[in-house]
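Structure at a glance
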Amino acid sequence: MSETTMPAQALLILEDGRTFRGSSYGAQGTALGEAVFTTGMTGYQETLTDPSYARQLIVQTAPHIGNTGVNKADNESDRIWAAGYIVRDAARRPSNWRSEGTLDDELSSQGVVGIQGVDTRAITRHLRERGSMKAGIFSGADASRPEADLLADVLAQPAMAGLRLAEEVSCKEAYVVEPAEHGWTGETLFNIVALDLGMKAMTPARFAERGVRLHVLPATATFEEAQALNPDGVFISNGPGDPATADSQVSFVRSFLEAGVPYFGICFGNQILGRALGFGTYKLRYGHRGMNQPVLDRSTGKVEITSQNHGFAVDAPLDGPTQAPEERFGKVQVSHISLNDQVVEGLSCMDVPAFSVQYHPEAAAGPHDAAYLFDRFIKLMTDYKSAQRKNTQSQTTQSQEDK
């Protein structure tokens, strides 16, 4: 859209009937989804291309959006996954040496309907008080329809609770990420299997730059397919949708826990581990989204500022250790908690080699307080392999003595 062209009328309608009027941003038409807000003041491009935002209308609490434009390097996937975009003050032109185009044009080219010029502070307060809810953005000719009809469209869409979305955003074919592709010059330290439930591009990069080769598998991959790769560890990524629908992924993780293979999960991967251990999950009122979420690491007493994007959480006892409901996996403890609302932010198993966190340690575009978790997983795999080696040597020695 040129600076001299007046944008078309646009409406944001929430499921409770609250309506906000503004101007079109990006493509014109209709966008339906769950309205959620994110508090990140930077990284809007990484946010839009995060597969975890599938079927969601993103409200940016930061008022000025688009000022650094867009570029291919900062994408977290090959497309924008957000269903729609809601901003207060859209930049008229980008100003950054890395910019390759405008956000407005990028939204238009990918068919993403947005709205600008609305009071995002009022929208955010409304969602905080009443919770994330169904919503719709209507612009251009669609905005001229009777509001009662538009609200009916909003209400007719499915709610986020109960949606199974990981298979929609996952890779379609397996692929490998080599350490050498990300600056590692030594021998490969470990081979791990990564189940892609909506994985961001920075995640395999963080592993590879530490000497870890990733075999990335689609969300539909089976335990047998993954086990055939003889992995040193298993990783489950972030992703969208309701973890209560992820029965196949829960079964996948349980099989590896039973096999004693080290496990690390983030975001959706934390919820999957929780379910694999026998805990339930529940939908948060408005979720945690943004790059300024404070989390306490109970093992160190340190507070991390974390990047998060989740609307569901694990229902596990905060006081522990406690026996996992699936008793064969032994004891587990909540390792991290949110300092905003005491939500479970991490799990650590005591009798099987597994841990997970609810936030994003790869954190593009930041912060990087939690990057150490990749090293923690490498240490877990190192210790596990060392224990296996000692056990093999002990068995060999015992066998010789028996002879």
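It should be noted that the structure appears before, not after, this text.
Everything numeric in this text was worked out from a predicted model, so none of it was measured. (Residues numbered from 1 in each chain as written. Predicted model: local features only at pLDDT ≥ 70, side-chain atom pairs only at ≥ 80, totals over all residues. Heavy atoms only, no water.)

1. Details of the overall build of the protein chain
For the protein chain, the count of helices and strands is ten helices and 20 strands. A compact globule built from 403 residues would reach a C-alpha radius of gyration of about 22 Å, and the protein chain, at 23 Å, matches this within 12%. Dimensions of the protein chain along its principal axes, counting C-alpha atoms only, are 90 × 45 × 40 Å. Taken over 403 residues, the protein chain has a buried fraction of 55%. A fraction of 75% describes how many contacts in the protein chain between residues 6 or more apart in sequence connect residues 24 or more apart. Carbon and sulfur atoms make up 48% of the accessible area of the protein chain, which amounts to about 17,200 Å² in all. (Helix = DSSP H or I, 4+ residues; strand = E, 2+ residues; numbered from the N terminus. Rg over C-alpha atoms; globule rule 2.2 N^0.38 Å. Buried < 20%, exposed > 50% of the residue type's maximum accessible area, 1.4 Å probe, protein only. Contact = heavy atoms within 4.5 Å. Areas by Shrake-Rupley, 256 points an atom, 1.4 Å probe, with all protein chains shown as cover.)

2. Here we look at the pairing of strand S20 (residues 354-357)
Neither face of S20 is left uncovered, since the one carrying Ala-354 and Ser-356 and the one carrying Phe-355 and Val-357 both have all their residues buried. In this structure, strand S14 (residues 263-266) lies alongside S20, joined through four bridges in parallel fashion. Opposite Tyr-263, over in S20, you have Ala-354 as the bridge partner. By the bridge criterion, three bridges tie strand S19 (residues 344-349) to S20 in an arrangement that is antiparallel. Looking across to S20, one finds that Gly-346 is bridged to Val-357. (Pairing = 2+ DSSP bridges.)

3. Topic: the nonpolar core
Membership of the largest hydrophobic core comes to 37 residues, with the highest contact counts inside it found for Phe-252, Val-253, Leu-257, Tyr-263, Ile-272 and Leu-277. Put simply, the parts of the chain that give this core at least two residues each are strand S11 (190-195), helix H7 (223-227), strand S13 (233-236), helix H8 (247-259), helix H9 (268-276), strand S18 (331-338) and S19. Setting aside residues no more than four positions away along its own chain, Val-253 makes contact with Ile-236, Tyr-263, Ile-272, Leu-273 and Ala-276. With 24 residues, the next largest nonpolar core counts Phe-190, Ile-192, Leu-373 and Met-381 among its residues. (Core = buried A, V, L, I, M, F, W, Y, C linked by side-chain atoms within 4.5 Å.)

4. A short note on the pattern of salt bridges
On inspection of all chains with the given rule, the structure shows 19 salt bridges. Across the salt bridge formed by Arg-206 and Glu-209, the nearest N and O atoms sit 3.4 Å from each other. Close ionic contact of Glu-209 with Arg-210 constitutes a salt bridge, the shortest N to O distance being 3.4 Å. Arg-210 sits in the buried class, given a relative accessible area of 16%. (Salt bridge = Lys/Arg side-chain N within 4 Å of Asp/Glu carboxyl O.)

5. With respect to unusual backbone geometry
Cis rather than trans, the peptide bond between Gly-320 and Pro-321 has omega equal to 5 degrees. Phi at Asn-230 takes a positive value of approximately 50 degrees, unusual for a residue other than glycine. Along the chain, Asn-230 falls in the loop between H7 and S13. The phi torsion at Cys-267 lies on the positive side, around 60 degrees, for a residue other than glycine. Mapped onto the fold, Cys-267 is located in the loop between S14 and H9.

6. Let's talk about the packing of aromatic side chains
Counting across every chain of the model gives twelve aromatic pairs. Geometrically, the ring pair formed by Phe-264 and Phe-355 is stacked, given 4.7 Å between the ring centres and 25 degrees between the ring planes. In this pair, Phe-264 sits in strand S14 while Phe-355 sits in strand S20, placing the two residues 91 residues apart along the sequence. A relative accessible area of 8% places Phe-355 in the buried class. Seen from their ring centres, Phe-264 and Phe-377 are 5.4 Å apart, and the 40 degrees between their planes marks the pair as tilted. Placement of Phe-264 in strand S14 and of Phe-377 in helix H10 (residues 372-402) is noted, with a sequence separation of 113 residues between them. For the pair shown, Phe-264 and Phe-377 are each scored as buried. Feature note: the residues Phe-207, Phe-235, Phe-264, Phe-355, Phe-374 and Phe-377 constitute an aromatic cluster, connected by ring pairs. Over the ring of Trp-81 we find Arg-79, and its NZ or CZ is 3.8 Å from the ring centre. Over the ring of Phe-312 we find Lys-283; its NZ or CZ atom is 5.7 Å from the centre of that ring. (Phe/Tyr/Trp six-rings, centres within 6.5 Å; stacked < 30°, edge-to-face > 60°. Lys NZ or Arg CZ within 6 Å of the ring centre and 35° of its normal.)

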